[in-house]
Amino acid sequence: IAGITQAPTSQILAAGRRMTLRCTQDMRHNAMYWYRQDLGLGLRLIHYSNTAGTTGKGEVPDGYSVSRANTDDFPLTLASAVPSQTSVYFCASSVGSRAVDEQFFGPGTRLTVL
Amino acid sequence: LAKTTQPISMDSYEGQEVNITCSHNNIATNDYITWYQQFPSQGPRFIIQGYKTKVTNEVASLFIPADRKSSTLSLPRVSLSDTAVYYCLVGDIRTYNTDKLIFGTGTRLQVFP
């Protein structure tokens, strides 16, 4: 693994189902983030983690949960998916958690909720 | 939190220099300006960051006037592969507040042959 990976690449999901998007980084970065990207709305922060064991809410956290049990992994869970959660999801990481720290992004997961 | 304003889209031709200006009128003393680039179907990637005057790297130059209320990303001699969305962000260097970092909708640059 080099950098940051996400799985699955894409997924079609029935409304009401539970789904976990996976994100793994091998750069030993302290901070990790989940964004969603929708046409016309740009990138919006869902949840973040400044360090293993801590998480925080971003701009659009409702309907999503995260955990950070270790440095490398930061899964995003949709407990009961709804069609408005159809989006492209990007995971990112940075060495530090200052706003100026460079963020490295994964390739994204395209999620469709029907 | 400093809000940024940038053009929604720009068109250019191969070989031209492209300048994308971002306004951040209420930028604070400890804020830095960062630009990211996002190619279609990929995540954004960091391209340049600065505080004042001029910063240059192998990809772009960043010009920041003395009052820091705006910044200009300059891409020399663009090629088709520079077609992307460019995001201007303003963030505080001091505190752990990445949750306040706002990407917005960016500027969609289209380069034509």
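Going by the structure above, here's the rest.
Quick look at the structure, then. (Residues numbered from 1 in each chain as written. Chains lettered and ligands numbered in written order. Predicted model: local features only at pLDDT ≥ 70, side-chain atom pairs only at ≥ 80, totals over all residues. Heavy atoms only, no water.)

Once that is clear, we can look at the sheet that holds strand β8 (residues 76–78) of chain A. Think of a sheet as strands paired side by side through backbone hydrogen bonds, with each pair either parallel or antiparallel. Residues and elements named next belong to chain A. Pairing in this open sheet of four strands is antiparallel, and the strands run β1-β3-β8-β7 from one edge to the other. Two strands bound the open sheet, and with one partner strand each, they are β1 (4–7) and β7 (64–66). Across the sheet, the axes of successive neighbouring strands diverge by a mean angle of 20 degrees, strand direction being ignored. Two strands pair when backbone bridges link them, and β1 and strand β3 (residues 19–25) are joined in this way by four bridges, in the antiparallel orientation. Opposite Q6, over in β3, you have C23 as the bridge partner. (Pairing = 2+ DSSP bridges. Helix = DSSP H or I, 4+ residues; strand = E, 2+ residues; numbered from the N terminus. Axes fitted to C-alpha atoms, helices over the stretch in contact; angles between N-to-C directions.)

Turning next to the interface of chain A and chain B. You'll often see interface size given as the accessible area lost when the parts meet. Tallying the contact residues gives 21 residues for chain A and 22 residues for chain B. Scanning the region where chain A abuts chain B turns up zero salt bridges. Where chain A packs against chain B, one counts six residue pairs in polar contact (both at pLDDT 80 or more). Broken down by secondary-structure element, the contributors of at least two residues to the side of chain A that touches chain B are β4 (31–38) and β5 (42–49) of chain A. Of all the elements, β5(A) adds the most residues to the side of chain A that touches chain B, at four residues. Residues that form the side of chain A that touches chain B fall into these classes: 11 nonpolar, six polar and four charged. (Contact = heavy atoms within 4.5 Å. Salt bridge = Lys/Arg side-chain N within 4 Å of Asp/Glu carboxyl O. Polar contact = N/O pair within 3.5 Å; in protein donor to acceptor, adjacent residues only side chain to side chain. Nonpolar A, V, L, I, M, F, W, Y, C, P; charged D, E, K, R; others polar.)

Grouped together as the largest cluster of nonpolar side chains are 20 residues, with contacts concentrated most on I33(B), W35(B), L73(B), L75(B) and Y86(B). Broken down by secondary-structure element, the contributors of at least two residues to this core are β2 (18–23), β3 (31–38), β4 (45–50), β6 (61–64), β7 (70–75), β8 (84–92) and β9 (107–112) of chain B. Broken down by element, the residue count for this core peaks at four residues, all from β8(B). Once residues lying within four places of it in the same chain are set aside, the contact partners of I33(B) are H24(B), I27(B), I48(B), Q49(B), G50(B), L62(B), I64(B), R68(B), S71(B), C88(B), L89(B) and V90(B). By size, the runner-up hydrophobic cluster in this structure holds 19 residues, among which are I4(A), C23(A), V66(A) and Y89(A). (Core = buried A, V, L, I, M, F, W, Y, C linked by side-chain atoms within 4.5 Å. Buried < 20%, exposed > 50% of the residue type's maximum accessible area, 1.4 Å probe, protein only.)

Residue and element names in this part refer to chain A. A full pass over the atoms with the stated rule returns two disulfides over all chains. Note that C23 is cross-linked by a disulfide to C91, the S-S spacing being 1.9 Å. Note on the C23 and C91 pair: the S-S dihedral is about -75 degrees, so by sign convention the disulfide is left-handed. Of this pair, C23 sits in strand β3 while C91 sits in strand β9 (residues 87–94), and the two are 68 residues apart along the sequence. For C91, a relative accessible area of 0% corresponds to the buried category. (Disulfide = S-S within 2.5 Å.)

This part takes up the sheet that holds strand β1 (residues 9–13) of chain B. Residues and elements named next belong to chain B. With mixed pairing, five strands are arranged side by side in an open sheet as β1-β9-β8-β3-β4. Strands with a single pairing partner mark the edges of an open sheet, and in this sheet they are β1 and β4. In this sheet, neighbouring strand axes are inclined to one another by 25 degrees on average, regardless of whether the strands run parallel or antiparallel. Pairing analysis gives three bridges linking β8 to β9, with the strands arranged antiparallel. By the bridge assignment for β9, A84 is matched with L109.

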